[in-house]
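So the chains spell out like this:
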Amino acid sequence: MRGAVIHAPGDVRFEELDDPKIIHPTDAIIRTAVTCVCGTDLWPYRGAEPVDQPHPMGHEYVGIVEEVGSEVTSVKPGQFVIGSFATSDNTCANCRAGYQSNCVRREFMSTCQADHVRIPNAQGTLVATDEHPAEQFWPSLLALSDVMGTGWWAAKAAEVKPGSTAVVVGDGAVGLCGVIAAKELGAERIIVMSRHESRQKLALEFGATDIVTERGEEGIARVKDLTGGVGADSVLECVGTPEAMQQSLRSTRPGGNVGFVGVPHDVAIDGQELFFSHVGLRGGPAPVRGYLPDLIQRVFEGRINPGKVFDLTLPLEQVAEGYKAMDERRAIKTLLKP
Ligand SMILES: [Zn+2]
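Computed from a predicted structure; not experimentally measured. (Residues numbered from 1 in each chain as written. Predicted model: local features only at pLDDT ≥ 70, side-chain atom pairs only at ≥ 80, totals over all residues.)

### Examining the domain arrangement of the protein
Okay, so step 1: Taken domain by domain, the protein consists of domain 1 (2–146 + 287–337) and domain 2 (150–283).
Okay, so step 2: Taking the mean C-alpha position of each, domain 1 and domain 2 sit 26 Å from one another.
Okay, so step 3: Taken together, the 15 residues of domain 1 in the interface contact 14 residues of domain 2.
Okay, so step 4: A breakdown of the residues in the side of domain 1 that touches domain 2 according to their chemical character gives 10 nonpolar, 2 polar and 3 charged. (Domains from an automatic or database assignment. Contact = placed C-beta atoms within 7 Å. Nonpolar A, V, L, I, M, F, W, Y, C, P; charged D, E, K, R; others polar.)

Pasting the structure below:
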């Protein structure tokens, strides 16, 4: 098979790789329908995470089951499936508590920018659709495997409720999906921090009511202006930088909540400031698996269309260009077709 391999920052290549095989009886092999490049893939691409040796890339996928291990009974060859970027047995105590992305058997997916993928913990991880979905649904279903599931978790972790005010920090694919989630969960006012016209447009289409272009102290002041001087009920932190976290914590009203889903890089939180702010803080890798059945239904019903975050579609063999376009912010998110 063929897939993407990162060799060094800025150096992603499309290469011939060994075909994936069933290693454990709990594995499945899928033929990739579509896959994509994630904002988090840009951390090693930009050198913000080390690349010690060449390794495959990609953690988002939808596909058709080709083979299952002897212990996998929930899906069968020929079915169209969606799974999370973090695999889970969906039966352990952490899974049952709703934290499938912290399953005791968790393995993070990391080889999905390829035409075939081995899925560990397939029984608990994969959700099959009733029928083969029309191709028009594939981008939105693919978005569920990470960015839409993560946006949903951000809104849940920030405790977005009907009638509430939400702020979304970050206008990448996750932030934009966070807007969809906040809207679906009933937020009345959705303020998006964004400086990019095309992303602002999509945010408004997804349900944003206000756009804030200011950053830092000015951005915080602007949010306070829009929220009666106290800050928002819920803030979705979808970036992972110190600036974004500070923006989020200081844009939240006392008693409000921050859901942080941007993978933190050099983020440190001041304990005293957090203590006196009365702001609640919860985040981490999204328990996408728990949300999949509900989100799949919302996609098929046409309630949500997170596939719109893909504004560049390329053949899988041009994966390197997909990274480059996102790195240079020419694209929000790249869809890859094997
Ligand atoms: Zn588990």
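### Quick word on unusual backbone geometry
Okay, so step 1: Residue glutamate 159 is not a glycine yet carries a positive backbone phi of 55°.
Okay, so step 2: As for its placement among the helices and strands, glutamate 159 is situated in the loop between helix 5 (147–157) and strand 9 (165–169).
Okay, so step 3: Judged by C-beta crowding, with 17 C-beta atoms within 10 Å, glutamate 159 ranks as partly exposed.
Okay, so step 4: Here arginine 329, not a glycine, exhibits a phi torsion of approximately 60°, which is positive.
Okay, so step 5: Within the element layout of this structure, arginine 329 appears in the loop between helix 12 (319–327) and strand 16 (334–337).
Okay, so step 6: The class for arginine 329 is exposed, based on 11 C-beta atoms found within 10 Å. (Helix = DSSP H or I, 4+ residues; strand = E, 2+ residues; numbered from the N terminus. Buried ≥ 20, exposed ≤ 12 C-beta atoms within 10 Å, placed from the backbone.)

### Some remarks on the nonpolar core
Okay, so step 1: The biggest cluster of nonpolar side chains holds 101 residues, and the ones touching the most others in it are Ala28, Ala166, Val168, Cys177, Val179, Ala182 and Leu236.
Okay, so step 2: Of the residues forming this core, the biggest block, 8 residues, is contributed by helix 6 (residues 173–184).
Okay, so step 3: Residue assignment places this core across two domains, with domain 1 (2–146 + 287–337) and domain 2 (150–283) each supplying three or more.
Okay, so step 4: Excluding residues within four positions of it along the chain, leucine 236 makes contact with Ala154, Ala155, Ala158, Ala166, Val168, Val169, Gly178, Ala182 and Gly259. (Core = buried A, V, L, I, M, F, W, Y, C linked by C-beta atoms within 7 Å.)

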